[in-house]
Amino acid sequence: MVALRAGAATHVGQVRTNNQDSHLAADPLYAVADGMGGAAAGEVASALAIEALSNGFHRSGEPSADLLIHAAQAANRAVWDEAAANPEMRGMGTTLVAIALVDGPELAIINIGDSRLYVLHDHELRQITFDHNLVAEMVAEGRITPAEAEVHPRRNIMTRALGVEPEVAIDLFVEEPVPGDRYLLCSDGLPREVHDGLITSLLERFSDPAEAARELVDEANRRGGGDNITVVVVDIVDQADDATLAANELTVAGDATTAPAAPGGPAPALLEAVRDADTTGGEAPSDQPPDQPAEPAPATWRLPNRPTRSVLTGRVVGFVLLFLIIVIGAAAGVVWYARSSYFVGLKGSQIVIYQGRPGGVLGINPTLRRTTAYSTSDVLDSAVPVLRAGKEEASLTDAENYVQSLHNAYQESQQNAAPPTTTPTSSTTVSPTTTVAATTPATAAPVTTAAQP
Ligand code: MG
C-alpha cells in the first residue's frame, strides 16, 4: 500500500512585492495555484481556487480522478463567480496544478495554466504537464526552440487559465504510484530561474521533502527570484516501510504564514500581500523605485488557438461524438452511393443485372440481382462492348427495360435483313430505343433466376 509524504515552501521572490501564489497540502491532495489579476485579484483568485478545490475533493465520495476534475470545475466556477460579482476583480484568474492519490491506487494529476508538475523517476526528471502559454505552443509547433522560449517577449501570454471563463478545459494525467518516485509541483517562478539539471540534483540531494522544497526555493532566489516561487514536493512511499509517516507531516517553509493541513479541513492557502499589477501585461509599475529591478510583466490571458492534449472534459467528449457522427455519416453515404444504382452487364456470355456500381466502390462490390434469358447472341454486336463495361440504370425496372430494348433492336435488325414478305412490318420507321419506350414500357425482360430477392 502506498502513501504520500510531502513538504512545501513558498517565497515572494526578489522582485515582486506580493506573493500571489497559493498552495494546498491536504493529504491525499496537493496543489499549487499562481494567481493573476489587478489589485488584490491575483491572490484572491489563487486562494479561492485552492479552497474550492479542497472543499470539492474532500467533501464527499471516494477519491477518484472524476472527483478531482469536478472539484477543479467547481474551483473555476468559484473564481468566475467572484469576478462577476466584483468589478474590481474582473479578469482575474489563476493557474492550477494538482495531484491526488485516488482509488486504484492511482495518481490523478490535473493542470490548467503554466504551473508545472514533474516526476523524478530513476534519476530522470520528466515534466508531465503541458504549459498553457503562447511560447509553449510555439515550441510544440516547432516555430521557436525551447531556448528561445525562455527569453521570448511574449512568454507571459497565457492560453488557458482557471476562472476566466464559465467552463474550463482541464488536462488530466494518470500515473502509477511507484514507491521511491518523487513528484514536484511548482509555480513558474522556479523553472524560470532553475534549470532542470539543477532541479534534479537538488531533489536527489535532499531526501526530506520539506528540505528539498526549501532548497529549491532558496536556489530560485539566489538566481534572481524574478517571480513568486512556490514548491510542493510529494514522495511516494510504501506505507508499511514508512514508520515516520503521519497524517499531518507536511512542513511548510518559506516566508508565508501557514498551518499544517487538517484532514478534510479547509485548504491552508498561503496568501501574501497583493501585487499591484494589472492584467493587460507589458510594463512594470511606473512608480517603481529607480534602484529596484522592475517587476516582470504580469501574465495576460488569451484564448487558446488550438486544442491541447489529454483533455477529458465534456467539450472533448462532444468533439469525439461529432467526429464519430461525421465518420458514420460518411460511411453510410458511401454505402448508399455504392448500392443505389443498377447496371446491365455480362456474366460469361449471359446478360445479367447487378445492383451496385461497375467495378464496385471502396470495396463494396456489386451483387447479382437478375440473370436474363438473353445472351450476347440475342443482341446486336455493337451492344456487347457497352454490356462488357456495364450499362448503369437508375432502377431494376429500368435495367430490365434496357435489356428488352437491346433484344427488340436485335429482332428488328434481323427482320430488316430478311427477304421481303407480303406483309411488311412498320417497325422500319422506328428506332430501337423509341420502340422499347413506346411499346414495352412495362414489359420486363424474361427472368430465369433471381440471385438475390
Ligand atoms: Mg508566477
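Residues numbered from 1 in each chain as written. Predicted model: local features only at pLDDT ≥ 70, side-chain atom pairs only at ≥ 80, totals over all residues. Heavy atoms only, no water.

(A) Fine view of the overall build of the chain. Summing up its helical and strand segments, the chain has 10 helices and 19 strands in all. Counting every position in the chain, which comprises 453 residues, the buried fraction comes to 49%. Residue pairs in contact within the chain that sit at least 24 positions apart in sequence constitute 69% of those at least 6 positions apart. A total accessible area of about 21100 Å² is found for the chain, and carbon and sulfur atoms account for 56% of it. (Helix = DSSP H or I, 4+ residues; strand = E, 2+ residues; numbered from the N terminus. Buried < 20%, exposed > 50% of the residue type's maximum accessible area, 1.4 Å probe, protein only. Contact = heavy atoms within 4.5 Å. Areas by Shrake-Rupley, 256 points an atom, 1.4 Å probe, with all protein chains shown as cover.)

(B) Seen up close, the coordination of the magnesium ion. Protein coordination of the magnesium ion is provided by Asp34 (OD), Asp188 (OD) and Asp227 (OD), with donor distances spanning 2.1 to 2.3 Å. Linear spacing of the donor residues for the magnesium ion on their chain is D-x153-D-x38-D. Of this pair, Asp34 sits in strand β3 (residues 29-36) while Asp188 sits in the loop between β11 (182-186) and α5 (196-205), and the two are 154 residues apart along the sequence. Of the residues examined, Asp34 reaches a relative accessible area of 4% and is grouped as buried. Taking the relative accessible area as the measure of exposure, Asp188 reaches 8% and is therefore buried. (Donors = N, O, S within 2.8 Å, 3.2 Å for Na, K, Ca; no water.)

(C) Summary view of the pattern of salt bridges. Enumeration according to the criterion identifies 14 salt bridges in this entry. Residues Asp235 and Arg182 are paired through a salt bridge, measuring 2.6 Å at the closest nitrogen-oxygen approach. Linking Asp235 in strand β12 (residues 229-238) with Arg182 in strand β11, this pair joins segments that are 53 residues apart in sequence. Comparing Asp235 with Arg182 shows no difference in burial state: the two are buried. Residues Glu393 and Lys391 are paired through a salt bridge, measuring 3.0 Å at the closest nitrogen-oxygen approach. Using a relative accessible area of 16% as the deciding quantity, one classes Glu393 as buried. Among the charged side chains, a salt-bridge network with shared partners connects Glu219, Arg222 and Arg223. (Salt bridge = Lys/Arg side-chain N within 4 Å of Asp/Glu carboxyl O.)

(D) Highlighting the nonpolar core. With 34 residues, the main nonpolar core has Leu29, Leu53, Phe57, Leu68, Leu96 and Ile110 as its most contacted residues. Of all the secondary-structure elements, those providing two or more residues to this core are β2 (21-26), β3, α1 (41-59), α2 (65-85), β5 (96-102) and β6 (106-112). Ranked by residues supplied to this core, first place goes to α2 with 9 residues. With near-sequence residues (within four places) excluded, Ile110 lies in contact with Leu53, Leu68, Ile69, Ala72, Leu96, Val97, Ala98, Ile170, Asp171 and Leu172. (Core = buried A, V, L, I, M, F, W, Y, C linked by side-chain atoms within 4.5 Å.)

(E) Unusual backbone geometry, seen in detail. For the bond running from Asp27 to Pro28, omega is 10°, close enough to zero to count as cis. As for its placement among the helices and strands, Pro28 is situated in the loop between β2 and β3. The linkage connecting Gly104 with the following residue, Pro105, adopts the cis geometry, with an omega of -5°. Considering the arrangement of structural elements, one finds Pro105 in the loop between β5 and β6. Although it is not a glycine, His123 sits at a positive phi angle of roughly 70°. Here His123 lies in the loop between β7 (116-121) and β8 (124-127). Among the residues examined, His123 registers a relative accessible area of 60% and is labelled exposed. Here Leu362, not a glycine, exhibits a phi torsion of approximately 50°, which is positive. Of the residues examined, Leu362 reaches a relative accessible area of 74% and is grouped as exposed.

(F) Structural view of the packing of aromatic side chains. Tallied over the full model, the rule gives 1 aromatic pair. The ring of Tyr402 carries the charged tip of Lys391 above its face, separated from the ring centre by 4.9 Å. (Phe/Tyr/Trp six-rings, centres within 6.5 Å; stacked < 30°, edge-to-face > 60°. Lys NZ or Arg CZ within 6 Å of the ring centre and 35° of its normal.)

(G) Just a nonpolar patch on the surface, in detail. Residues Val320, Leu321, Phe323, Leu324, Val327 and Ile328 make up a contiguous nonpolar surface patch of about 570 Å² in total accessible area. Mapping Leu324 onto the fold places it in helix α7 (residues 314-339). (Patch = residues over 30% accessible without salt bridge, like charges linked within 9 Å, V, L, I, M, F, W, Y side chains within 5 Å.)

(H) Main features of the packing of α1 against α2. Where α1 meets α2, the axes come as close as 8 Å, and the angle between the chain directions of the two elements is 145°. Both α1 and α2 take part in a crossing whose hand is right-handed. Of the residues in α2, those touching α1 at Val44, Ala45, Leu48, Ala49, Ala52, Leu53, Gly56 and Phe57 are Leu67, Leu68, Ala71, Ala72, Ala74, Ala75, Ala78, Val79 and Glu82. Here the contact of α1 with α2 is composed, by residue class, of 15 nonpolar, 1 polar and 1 charged. (Axes fitted to C-alpha atoms, helices over the stretch in contact; angles between N-to-C directions. Left-handed = near helix turned anticlockwise from the far one by under 90°. Nonpolar A, V, L, I, M, F, W, Y, C, P; charged D, E, K, R; others polar.)

(I) View of α5. Along α5, the residues classified as buried are Leu198, Ile199, Thr200, Leu202 and Leu203. Among the structural elements, β7, β8, β11, α6 (209-222) and β12 are those in contact with the buried residues of α5.

(J) Layout of the pairing of β7. Burial analysis of β7 places 5 of its 6 residues in the buried class, the great majority of the element. Where β7 and β11 come together, 5 bridges link them in antiparallel fashion. Bridged to Tyr118 within β11 is Leu184. Sheet topology note: the β7/β8 ladder contains 4 bridges and is antiparallel. Within the sheet, the bridge partner assigned to Tyr118 lies in β8 and is Gln127. (Pairing = 2+ DSSP bridges.)

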